[in-house]
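Now for the letters of each chain:
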Amino acid sequence: MRTHALLPAGVYDAALKSTERAADRLQHVPDGPAVELYGMLHLSAALAAVSLNRFEHAESHLGEAAETALVRESVSHLLSHGRGPWAGRDLRGLAYRFGVA
């Protein structure tokens, strides 16, 4: 990925812009690998933002990455611990949407 080449090279502004563009494209893709990549892009953007001393910007990206991970973890937890009629088809559909099924 381009961003991972730009970060070690110290081209933080270009890395941040590239990462944000890629994350914007993936924002509404419900596919499992895309969701994981989306979270990783936000972690990379946070790293680039910190390197540019844009701490609030980095915090925003870290929050988005954490929210993405929390949604995936919550759905996984519900699937593995769900009981009763509410844990059926609707929950599996939600898991599919977030790529954890």
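Residues numbered from 1 in each chain as written. Predicted model: local features only at pLDDT ≥ 70, side-chain atom pairs only at ≥ 80, totals over all residues. Heavy atoms only, no water.

1. Remarks on the pattern of salt bridges
Then, number 1: The full count for this structure, using the stated rule, is 2 salt bridges.
Then, number 2: Notably, a salt bridge pairs Lys17 with Asp13, separated by 3.2 Å at the nearest N-O pair. One end of the pair is Lys17 and the other is Asp13, both in helix H2 (residues 12–26) and 4 residues apart, which spans about a single turn.
Then, number 3: Asp13 sits in the partly exposed class, given a relative accessible area of 30%.
Then, number 4: Residue Asp13 pairs with Arg54 through a salt bridge whose shortest N-O separation is 3.4 Å. A residue pair is termed long-range when its members are at least 10 positions apart, and Asp13 in helix H2 and Arg54 in the loop between helix H3 (32–51) and helix H4 (55–81) qualify at 41 residues. (Salt bridge = Lys/Arg side-chain N within 4 Å of Asp/Glu carboxyl O. Helix = DSSP H or I, 4+ residues; strand = E, 2+ residues; numbered from the N terminus. Buried < 20%, exposed > 50% of the residue type's maximum accessible area, 1.4 Å probe, protein only.)

2. Looking at the environment of His42
Then, number 1: Position of His42 relative to the elements: it lies in helix H3.
Then, number 2: With 19 residues separating them in the primary sequence, His42 and Ala23 have C-alpha atoms 7.0 Å apart.
Then, number 3: Dropping the residues within four chain positions of it, His42 is found in contact with Ala23, His61, Glu64 and Ala65. (Contact = heavy atoms within 4.5 Å.)

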